[in-house]
Each structure stands twice: as C-alpha cells, then as structure tokens.
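One-letter residues, chain by chain:
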Amino acid sequence: MTHAERPSAAATALPLDLDEAAHRCLVAGFDGATTVPDPLKRLIDRGLGGVILFTRNVRDAEQVRRLTDELRALRPDLLVAIDNEGGGIGHLVSAGAPDVPGSYALGVVDDPALTARCADALAGHLTTLGITASYAPVADLQHQPRNPIVRTRSFGADPALAARHLRAWITATEARGVASCAKHFPGHGGTITDSHHGIAVDPRPYDELLVDLEPFRASIAAGVPMLMSAHVVFPALDANRPATLSRRILGDLLRLELGFDGVLVSDALEMKAIADAYGEAAGARIALAAGADQVIVAVPDLEVTLACRDAVLDALHSQVLSEERVREAAGRVRRLAERYANPRRTVAGWDADAGLEAARRAVRTRPLPQPVRGAHVVDLFPAPHPALNWGGEDLLTELRALDPTATGTALNAEPTDPAALVDTILREDAPLVVATSDAGLHPWQARLRDTLAARRPDAVLVDTGLPESGALCSYGRGRVNLRAVAEVLTGA
C-alpha cells in the first residue's frame, strides 16, 4: 500500500478543516506532462496548497496550459508555480519562454526599467500557460568568489543595486497578477557550499550579515507576496539549525524584526542540506514549527511528499506541532491563493526583445575585441546543474547561427587527454576563441584555457560566468547572453 492508501493515525483523528490546513502547507512536484497522477489528485482533493512544475512537466505551450487547466479543475485555489529566474534556468524553453539574461547581467546594465521589461515578459508568458506563482527573483548578494550556486543568478554584490532591481522585478510581476518570491532568506551568497549537495554555512559575524538583509527589506517594502528560506546555517544568528528550520531566523528576524507577513516557503526539502541531516519528513515538521508557511517537496516521487504530509499530520495529532501554527500558515496560503491562483483571462503582449537588449548592453560594458570570422571556438563550461540549468546552451551554436564558417568544440567536463585536445585545436588554421564559465571553480577549464592562450597569444578570451580575467564577458550562460557575445565576436 502507498502512503495515500495507508493514512496515519493522525489522518483519521484530525478535524477535516485542520487536515485541509495541513495540506495547504505543502507544495508538491510530480512526474508527467499530460496526466495528473492519482496520488497527486488525492492530495489536491484534501487541500494541497500548490504544485511546482519542472522541465519534466513541459512539452510545449498548449500542453502546459492543458495541464494547468486540469490541475485547477481539481481545485481552483491550487497554486501552480515554477522556478522562472531567466538566464540559464530554462524549464519553459520548449514552451516558448521569452529569452532574458540572468540577473547578474541586468545588474551590470543597471537599468531598472529594462529589468522590469524582462520580468514583465517572463510573467506575461507564465500567465498564458496558467502558471501564476514564480519562485524568483534571487535576492542573494554574490560576494563570495567561491560560492558555487548563486553567482550570475544574483543582481550583484551591491545591496542598493540589488534592491532597486528587486523592486522593479517584483512590481512588474505583480502587475501581471503573478506572485513573485524573493529568495533565499536571509541570503545564500556568502557560502562556499551548494545546499543542494550539503550543509552550507555562512560564518560571517552578525554585523556583516546585516548587509545581506537589505535586498530582502527592499523586497518586503515592494510588497513581495512570498519569500523562500535558505538551507544555510548562520552561526551568528542560530548556531544549531539552517535558516529553513530556525525559529530565531524565520520568526524573530523575518516576522518580528523585518515585519514580513506574506507566505514564507521553504527551499526544496530533498536538498541534501535538509534530507541528509534531518530527512525530508522531519524537515517538513520542523520547518512549519519554525515559521514556514509552505514546504516544497520537488522530487517527482510522491511517496516522499506523502511521508512529509504524514509527518506533519502525526505531529499535529501528538501536539508536537501546534494547531495554531498550522492554521496561521494555511491562512496565509489561502490569502495568497485568493490573489494569485487563477490566471487572468486576457494577457497583453510583452516586449520580446527586452532580453536580447539587456544581454547586448551587458556585454558592451567592457572593451570589445576586434570581430573575427571563421573562428574556432573552444567553449568550456560545467555540466548543467540538475535542479537549475536545463537549457544546455553553448557559444558555438550561437556563433554558427551568425557565422556558418565557425567551427569548434564544446566541453562540459575535463577531456580525457587534454594535451592531445590542445594539439588538435592548435592545428586549426583559424582565429581562436576560448570561452570559460566560472573557471575559478573548475580548474580543468583554467588549465586548458591557459595552455591554449600561452601557445596562441592572439586568442580571444571570453568569460560566460562571473568576470574573472578581464576578458569579454557575457555575465551568464542564458541563450541571449551567448547570442550577444556571438554578435560581438562576429561583428554582427
């Protein structure tokens, strides 16, 4: 029997309205693009607060709209959400998502009106698909060079700059009737660990952490309806638990000091920072007790979601988790659903060119190399992050779209024989372009780039992550970022 067929003692003992309130505190991922799994239908019937879509749920725009319509037919107040930051996070590429650069490039341009146009395009497209909750924008400050997960997803390191772009993004998204979500409170930019892979710790003292709160203060002032917590331990705030599970951080700091009364949603509980140290089910119970209003279980295996649900119900039954806390959380989710669950019937058009304009303006903030034609491009980049980057874009493809005579190599892992590869590349009688992406985090890229540059000093160097070497920089690996670089390289 599955969890859905084997209710816990709590499931049979709780009042129906409290059972529904507990379900409202859950956001579930699932597998499937054309049908809703039966276990998910049963969760929705009992009051599930929301679902989160991923690339696995997307084929094309018509299919996504049919899926979201089917979900809402089961429960009209169900929130349908997705990660929609732009840049390399491309869950909706096959559904015709507008191409916009990641936030770092928008921060480099520093034109809040242009940021608003990009956010408006993303939100307008979501509305046509029946998706009205977007887990974006990133409010983290990128100030730790070794940070492996925030990077070009952030607007930058300057809190004032980040604040003005967050305001622009949130306001534009709200105008479309889409709920935005500033993340990851109280900031993931000071860590050197990706919380998808393990416990992340920000060791800075309290006075330094205050800087990271400023973008969240600005987001709250702008009326952001949701915040997402970070699976990060801040010893200066709470030495014992990550923010997602900390009453001191979620309750005292966020609710009391910053005055946020919107929906606080956890980052995904299956991330190893929670799953390995606590387990998803215990994580759900502790997060809700600490002050979260919804917890995300993004994995498609609904057994994990059901285990989290049962842990919450059992905790209510045993009074380990208070009824008052769950009803408070469910009330916030209910108010959010009243504002955002149903997409608008008519959707005005958006500026489809805003993203490419932003990417072009970002690239042109640095001295530009002379155009080259018929170049051989060596594009080095890390393997796509399984939870974030689904696009797999590469510079060679964008360059060849403008210059069919271009040739090259795209690598997302260290070659088995780097010396042989270098010899092969250097036999090419063509201008050489060497692109890296966050080579400081991936030494194999730096070694290959430096070897090629030493033997070909005329090579044009490109950074497609954070700026590192004074090279031409795209400030991200979204399709428009790479297209803008390709235009510079070819003189298009």
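In this text, all values refer to a predicted model and were calculated from it rather than measured experimentally.

Draft legend 1. Examining unusual backbone geometry more closely. Across the junction of A136 and P137, the peptide omega takes the value 10°, indicating a cis bond. Mapped onto the elements, P137 comes out in the loop between β4 (133-134) and α7 (159-175). Residue H184 follows K183 across a cis peptide bond; omega there is 10°. You can see H184 is positioned in strand β5 (residues 181-185). Despite not being glycine, D110 shows a phi value in the positive range, around 55°. The exposure class of D110 is partly exposed, given its relative accessible area of 30%. For Y475, which is not glycine, the phi dihedral falls at a positive 65°.

Draft legend 2. Region of interest: the layout of surface pockets. Roughly 470 Å³ of volume is contained in the second largest pocket. Along the walls of the second largest pocket sit 27 residues, with F54, H196, A268, E270 and A387 positioned nearest its centre. Each residue belonging to the lining of the second largest pocket can be placed in one class, and the counts come to 15 nonpolar, six polar and six charged.

Draft legend 3. Expanded view of the packing of helix α6 (residues 112-129) against α7. Following both chains from N to C, one finds α6 and α7 inclined at 35°, their axes separated by 8 Å at the closest point. α6 and α7 meet at a crossing whose hand is right-handed. Only R164, H165, A168, W169, A172 and T173 of α7 make contact with α6, whose side of the interface consists of P112, T115, A116, A119, D120, L122 and A123. Looking at the contact of α6 with α7, its residues break down into eight nonpolar, three polar and two charged.

Draft legend 4. Structural detail: the side chain of R255. Here R255 shows up in helix α9 (residues 247-257). Note on R255: relative accessible area 14%, which makes it buried. Apart from residues lying up to four places away in sequence, R255 is in contact with L250, F260, D261, G262, L264, G291, D293 and R332.

Draft legend 5. The pattern of salt bridges, seen in detail. With the rule as written, the count across this model stands at 40 salt bridges. Because the salt bridges share partners, they merge into one network encompassing R255, D261, D293, R325, E328 and R332.

Draft legend 6. Local environment of the sheet that holds strand β3 (residues 79-82). Taken in spatial order, the five strands of this open sheet run β4-β3-β2-β1-β10, and their pairing is parallel. The open sheet has two free edges, formed respectively by β4 and β10 (295-297), since each of these has just one partner strand. Pairing of strand β1 (residues 26-28) with β10, which is carried by three bridges, proceeds in the parallel orientation. Considered in β10, the bridge of V27 is made with I296.

Draft legend 7. Geometry of the packing of aromatic side chains. Per the counting criterion, the structure on display carries three aromatic pairs. Where F155 meets W169, the ring centres are 6.4 Å apart and the plane angle is 70°; that geometry is what we call edge-to-face. Of this pair, F155 sits in the loop between β4 and α7 while W169 sits in helix α7; the two residues are 14 residues apart in sequence, bridging distant segments of the chain. The pair F155 / W169 is uniform in exposure class, with both members buried. Considering the side-chain rings of F185 and F216, the 5.2 Å spacing of their centres and the 90° angle between planes classify their relative orientation as edge-to-face. With F185 in strand β5 and F216 in helix α8 (residues 206-221), the pair connects residues that are 31 residues apart, well separated along the chain. Each of the two residues, F185 as well as F216, counts as buried. R477 extends its terminal NZ or CZ atom over the ring of F381, reaching a point 4.2 Å from the ring centre.

Conventions and cut-offs
- Residues numbered from 1 in each chain as written.
- Predicted model: local features only at pLDDT ≥ 70, side-chain atom pairs only at ≥ 80, totals over all residues.
- Heavy atoms only, no water.
- Helix = DSSP H or I, 4+ residues; strand = E, 2+ residues; numbered from the N terminus.
- Buried < 20%, exposed > 50% of the residue type's maximum accessible area, 1.4 Å probe, protein only.
- 1 Å grid on protein atoms, 1.4 Å probe; cavity = no way out; pocket = protein on both sides within 12 Å on 5 of 7 lines; lining within 4 Å.
- Points joined across faces, edges and corners; volume = space filled by probe spheres on them.
- Nonpolar A, V, L, I, M, F, W, Y, C, P; charged D, E, K, R; others polar.
- Axes fitted to C-alpha atoms, helices over the stretch in contact; angles between N-to-C directions.
- Left-handed = near helix turned anticlockwise from the far one by under 90°.
- Contact = heavy atoms within 4.5 Å.
- Salt bridge = Lys/Arg side-chain N within 4 Å of Asp/Glu carboxyl O.
- Pairing = 2+ DSSP bridges.
- Phe/Tyr/Trp six-rings, centres within 6.5 Å; stacked < 30°, edge-to-face > 60°.
- Lys NZ or Arg CZ within 6 Å of the ring centre and 35° of its normal.

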